[in-house]
Amino acid sequence: MTPPRRAARKPPSVPPPGDEPSIPLPSGTKAHPPIGLGLWALGRWTRPDEERTRAVLETAVAEGLRWFDTAEVYGNGRSERLLGEALERSPTLAREGFIATKVSWEHLRAHQVGAALTQSLERLGRTSVDLYLVHAPDPKTPLRETLAALEELWKSGRVGAIGVSNFSLEELSEAVDLLPEAKIAVNQVRFNLFDRGDAEPIRAFCREHRILIEAYTPLARGLLQGRFLDGRKAPPEVRRFAQRFFDGDRWPDYVARARKLKDLADRAGVPMTSLALHWLRSQGAAPVFGASRPEQVAENLAAWRVRPDAALLTEADAIARGERA
Ligand SMILES: NC(=O)c1ccc[n+]([C@@H]2O[C@H](COP(=O)([O-])OP(=O)(O)OC[C@H]3O[C@@H](n4cnc5c(N)ncnc54)[C@H](OP(=O)(O)O)[C@@H]3O)[C@@H](O)[C@H]2O)c1
C-alpha cells in the first residue's frame, strides 16, 4: 500500500536573512544572525577559486546575509583576507556584518592567542570581531591558559563574544566553569539531519547553559540539498571531509534516506534544503552553510525563506533517522 500523499501547499515564507530577528548572546556585543555562510571550502585557493569566492561573497551580501564564518587556518589566511575585501567594498556589511573567526589549535598558548587575533584583524581590516572561536582544543595546552587570554581580549573589546568548536562535553564543561563572566556564548559543531546522535549530550548541555549551537556541515556537503541522488559516488574532496556519509557501507543507506526526504519535500512543494535548514532551526541551532558558487548561495537562501511547518519537519526527522520505510 502506498502512503497517503501530502497535498502540495504553499508554505509560509520568512523575510530575507538581514531582516530576520537575530539571536541575543548572553555576553556578546551583537546579536547573532540565524543563518550564515562559512568560508572554508574554497577549492585549492587558486586564482579562479578566489574569483568564485568573491562572487559568492557578493551574492551573499546582496541577498542580505550578515553572518560570515572564517578561520585563520582557512587557506592560510586567504579566507579572512577575501572577507576583509568584501567588508571594504560594502559599507552595509562593514556596519551590519556579524564577523566570526577562529584561533587555530596551534596558537592556544597565552602568548599566541592575542598575536593570532591581531593577524586575523589585519587580514579582515577591522579592529574587532563579533565572535572569536577556539577552532579545536589542543591536548598539550591547558584550557585555563587559552581562556584567560581570550577573556583579556573580550575585556579589551577586540572580541565581542567567545565560542568553542569541536570540544568534547568534558572540555566544554571545563570551559564554561573557567569563564563565568565572559561566558562561552557559542559552540560550533557538525550537526545536520543525518549527523546528530552522538552529540546529543553536548547539545543538552548547551541548552542548559544558554550556549548557541552553530551547526556546521548543515547540508551534509550537498547530500541534503539533493545532490548525489543519482547514486554516483561523491568526489574524493567531498568524501575526505564528510566520511560519515560517504564511506563504505553507509552510503547506499544515506542516499536512500535522502531520496525519501526529496520525495517528502517535492510532495509538500518545498525545497529539500528548506527541510535541512529549518529542521536545524527547530532544534535551536543556527546553520552555517558552505557554497563554492554564487548560485548555491542564492538557492540556499531562497530555500531558507520557505518555512516548512512543524509536522513536515517531524516527518523529515523520522525519515532521516531511518524510521520510515
Ligand atoms: N569548526 C569546524 O571545525 C568546521 C568544520 C567544517 C566546517 N566548518 C564551517 O562550516 C561551513 C560549512 O561547512 P560545509 O561546507 O561542510 O557545509 P555544507 O553546507 O554541508 O556543505 C557545503 C557544500 O555543499 C555543496 N552545496 C551547498 N549548497 C549547494 C547547492 N545549493 N547546490 C549544490 N551543492 C551545494 C557545495 O559543495 P561544492 O563546493 O562541492 O559545490 C558546498 O561547498 C564551513 O565553510 C566552515 O565555515 C567548521
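Only a predicted model underlies this, so the values are computations on that prediction, with no experimental measurement involved.

Draft legend 1. Just the site of the ligand, in detail. Close contacts around the ligand come from 27 residues, with Asp 69, Asn 166, Gln 188, Arg 221 and Ser 292 the closest. One nitrogen or oxygen atom from the side chain of Asp 69 is found 2.6 Å from an oxygen atom belonging to the ligand. Its free accessible area being 910 Å², the ligand has 91% of it covered by the protein chains. Considering only residue class, the shell around the ligand consists of ten nonpolar, twelve polar and five charged.

Draft legend 2. Structural view of unusual backbone geometry. You will see that Asn 76, though not glycine, has its phi angle at about 50°, which is positive. By secondary structure assignment, the location of Asn 76 is in the loop between strand E2 (67–69) and helix H2 (78–89). Although it is not a glycine, Lys 183 adopts a positive phi angle of roughly 70°. Considering the arrangement of structural elements, one finds Lys 183 in the loop between helix H6 (169–178) and strand E6 (184–190).

Draft legend 3. Structural context of the pattern of salt bridges. Overall, the coordinates contain 20 salt bridges when judged by the stated rule. Lys 30 serves as the salt-bridge partner of Asp 130, at 3.6 Å between the closest nitrogen and oxygen. Of this pair, Asp 130 sits in the loop between helix H4 (110–124) and strand E4 (131–134) while Lys 30 sits in the segment before strand E1 (36–38); the two residues are 100 residues apart in sequence, bridging distant segments of the chain. For Glu 50, the salt bridge is made with Arg 78, and the minimal N-O distance between the two is 3.7 Å. One end of the pair, Glu 50, is in helix H1 (residues 47–62); the other, Arg 78, is in helix H2, and 28 residues separate them in sequence. Taking the relative accessible area as the measure of exposure, Arg 78 reaches 37% and is therefore partly exposed. One salt-bridge network, held together by shared partners, links Glu 50, Glu 51, Arg 54, Arg 78, Glu 85 and Arg 89.

Reading the values: rules and limits
- Residues numbered from 1 in each chain as written.
- Predicted model: local features only at pLDDT ≥ 70, side-chain atom pairs only at ≥ 80, totals over all residues.
- Heavy atoms only, no water.
- Near = heavy atom within 4 Å.
- Polar contact = N/O pair within 3.5 Å; in protein donor to acceptor, adjacent residues only side chain to side chain.
- Areas by Shrake-Rupley, 256 points an atom, 1.4 Å probe, with all protein chains shown as cover.
- Nonpolar A, V, L, I, M, F, W, Y, C, P; charged D, E, K, R; others polar.
- Helix = DSSP H or I, 4+ residues; strand = E, 2+ residues; numbered from the N terminus.
- Salt bridge = Lys/Arg side-chain N within 4 Å of Asp/Glu carboxyl O.
- Buried < 20%, exposed > 50% of the residue type's maximum accessible area, 1.4 Å probe, protein only.

Any functional reading would require information beyond the geometric quantities listed.
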